[in-house]
Amino acid sequence: NLHHLQQNPCAAFVSGSHDKVFLDTQTKVGVIKTVNGNPYLYLLSEGNYIGVPASVLYRRWVFDEFVFDETLKACEDYDLYLNIARRWPILHHSGKVAAYCIHSTNMSADSMMMLEAALQVLKRQYSKLKTNKEREAYKAGRKYWKAFYFNELFKKIENNKWSTSMQSVKVLLLNKPHYFLRFFFKNLS
């Protein structure tokens, strides 16, 4: 990360790739993202590609202008990345610089809470959008987050590894009924 910042003095921060380490199965999956084009548009449309705050190296001056919003329940990092990327160049590379340990008590295990937080953070960008590309990326981002977290919830239901409220199931059923049909037909055989 330091090398990339030294080579790009205008960049506010640089992020690298990471491994997801699943503690319950003792498996590791590399998460390597390639960001082509405008990082702000990518963050709007494709979600938080950075994934883990430990993969980011900031320039000190960034925190004179930006801070984590402690009023958010989750996705404070995503909110910060969007706000910075909107105003300053940011970088990303494929070198692995962090590991994200995943277990059942991670905050991110609560799919419906995370969906709500991600959509809230995205909505905070809406009044700042200036171009059609930004508005299109925003719409794509809303679809992305819904598909991502509904899929996460469905996988938990399918694997009987979920402990969520009936409200979450209701939200999933109302928004993605085909997930339930797929689940039930799969289990009939």
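Residues numbered from 1 in each chain as written. Predicted model: local features only at pLDDT ≥ 70, side-chain atom pairs only at ≥ 80, totals over all residues. Heavy atoms only, no water.

*Asks:* Can you break down the environment of Cys-101 residue by residue, with the values?
*Replies:* Looking at the secondary structure, you find Cys-101 in strand 4 (residues 90-102). Note: C-alpha distance between Cys-101 and Leu-23 (78 residues apart in sequence) is 6.6 Å. Beyond its immediate stretch of four places on either side in the chain, Cys-101 contacts Val-21, Leu-23 and Asn-106. (Helix = DSSP H or I, 4+ residues; strand = E, 2+ residues; numbered from the N terminus. Contact = heavy atoms within 4.5 Å.)

*Asks:* Any chance you could break down the confidence of the model for the chain for me, citing the residues and the numbers?
*Replies:* A residue-level look at the chain finds 83% of positions with pLDDT of 70 or above and a mean pLDDT of 87. The weakest mean pLDDT in the chain belongs to helix 8 (residues 177-188) at 59; the strongest belongs to strand 3 (residues 56-58) at 98. (pLDDT = per-residue confidence, 0-100.)

*Asks:* How would you summarise unusual backbone geometry if you had to cite specific residues and measurements?
*Replies:* Backbone geometry at Gln-26 places phi at a positive 55 degrees, although glycine is not the residue there. You can see Gln-26 is positioned in the loop between strand 1 (13-22) and strand 2 (27-31). Residue classification places Gln-26 among the exposed positions, given a relative accessible area of 64%. We note that Cys-75 has phi near 65 degrees; this positive angle belongs to a residue other than glycine. Positionally, Cys-75 belongs in the loop between helix 3 (62-65) and helix 4 (76-87). For Cys-75, a relative accessible area of 8% translates into the label buried. (Buried < 20%, exposed > 50% of the residue type's maximum accessible area, 1.4 Å probe, protein only.)

*Asks:* Tell me about the pattern of salt bridges, and name the residues and values.
*Replies:* Overall, the coordinates contain 8 salt bridges when judged by the stated rule. Linking Lys-28 and Asp-19 is a salt bridge whose minimum nitrogen-to-oxygen distance equals 3.9 Å. The exposure class assigned to Asp-19 is buried, which follows from its relative accessible area of 11%. The residue Arg-86 makes a salt bridge to Glu-134 at a minimum N-O spacing of 3.2 Å. Note that Arg-86 is positioned in helix 4 and Glu-134 in helix 6 (residues 132-158), a separation of 48 residues in sequence. (Salt bridge = Lys/Arg side-chain N within 4 Å of Asp/Glu carboxyl O.)

*Asks:* For the side chain of Asp-77, give the residues involved together with the corresponding values.
*Replies:* You can see Asp-77 is positioned in helix 4. For the buried Asp-77, no salt bridge exists, and the shortest N-O distance to an oppositely charged side chain is 11 Å, to Arg-124. Excluding residues within four positions of it along the chain, Asp-77 makes contact with Asn-48, Pro-53 and Phe-68. (Lys, Arg positive; Asp, Glu negative; His and termini not counted.)

*Asks:* Account for helix 5 (residues 111-126), naming residues and giving values.
*Replies:* Here helix 5 spans 23 Å end to end across 16 residues, near enough to the 22 Å set by a 1.5 Å rise per residue. Buried within helix 5 are the following residues: Ser-111, Met-112, Met-113, Met-114, Leu-115, Ala-117, Ala-118, Leu-119, Val-121, Leu-122 and Gln-125. (Expected span 1.5 Å × (residues − 1).)

*Asks:* Requested: an account of the packing of aromatic side chains, with residues and values cited.
*Replies:* Inspection of the entire model under this criterion finds 12 aromatic pairs. Centre to centre, the rings of Phe-13 and Tyr-81 are 5.6 Å apart; their planes meet at 50 degrees, and the pair counts as tilted. Taken as a pair, Phe-13 in strand 1 and Tyr-81 in helix 4 lie far apart in primary sequence, 68 residues in all. Accessibility classification places Phe-13 together with Tyr-81 in one group, the buried group. Here a set of aromatic residues connected by ring pairs shows up, and it is made of Tyr-78, Tyr-144, Trp-145, Phe-148 and Tyr-149. (Phe/Tyr/Trp six-rings, centres within 6.5 Å; stacked < 30°, edge-to-face > 60°.)

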